[in-house]
Amino acid sequence: MAAALPAFDGAQGFGSHTPHARGKPTCVVTKLTDSDIGQKTSQLEPGQFRYCLAFAAEKNGAYILFNTGGTIKLKRTALIPSNVYVAGQSSHGGIAIEGKSIQIKNANDVIIRHIRHREAAKKGDAITIINSRNIVLD
């Protein structure tokens, strides 16, 4: 029996062999703006982080890449769907989150890498994980 592929080079421990977004489409974040509306692609502006999350939910997973860097001020909680790889390391200069938190609820096979939350120490949890499995935060 062949060994499972690691989620990324150097991944170790629980969730390190998740298939995450393998074989799924890519969505690219090009804007740091956020919208305080639902999380469906028809309601959102392409290029936003929230749009890419909605895209991933509609496509049953996606790689989310960043063609920008800076701070995304979330106006409402960002919901991470299953089979997602949020590749903060692809940004130009890094990605930070302010405002609301990120939530992984009833989702499986998720990787979030190189994302900072600037207000977590003051306002509570930056990322909440509920009833989910194979989640890697790096």
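The coordinates are above.
Okay, so let's go over this structure. (Residues numbered from 1 in each chain as written. Predicted model: local features only at pLDDT ≥ 70, side-chain atom pairs only at ≥ 80, totals over all residues. Heavy atoms only, no water.)

1. Considering the sheet that holds strand β7 (residues 102-105)
Our working rule: Strand pairing is assigned whenever DSSP identifies at least 2 bridges connecting the two strands. For the purposes of this entry, the term helix denotes a DSSP run of H or I that reaches at least four residues, the term strand denotes a run of E that reaches at least two, and both are numbered from the N terminus. To obtain an axis, a line is fitted to C-alpha atoms, over the contacting stretch when the element is a helix, and the angle between two such axes runs from 0 to 180 degrees between their N-to-C directions.
One open sheet accounts for three strands, arranged β4-β7-β10; its pairing is parallel. Of all strands in the sheet, those with a lone pairing partner are β4 (78-80) and β10 (127-130), marking the two edges. On average, each strand axis in the sheet is tilted by 20° relative to the strand beside it, whichever way the strands run. Relative to β10, β7 runs parallel, the two being bridged by four bridges. Opposite K105, over in β10, you have I130 as the bridge partner.

2. Let's talk about the pairing of strand β2 (residues 62-66)
Short version of the rule: Buried means the residue's accessible area, taken with a 1.4 Å probe over protein chains only, is under 20% of the maximum for its type, while exposed means over 50%, and partly exposed covers the values in between. With the strands pointing away from the viewer, any crossover whose connection runs clockwise from the first strand over the helix to the second is right-handed.
What you see with β2 is a clean split: A62, I64 and F66 sit on the buried side and Y63 and L65 on the side with no burial. Across four bridges, strand β1 (residues 26-29) lies against β2 in parallel orientation. When the bridges of β2 are listed, V28 appears paired with L65. Read as a crossover between parallel neighbours, the route from β1 over helix α1 (residues 49-58) to β2 is right-handed. In the sheet, β2 pairs with strand β5 (residues 84-87) via three bridges, with the strands oriented parallel. Of the residues in β5, the one forming a bridge with A62 is V84.

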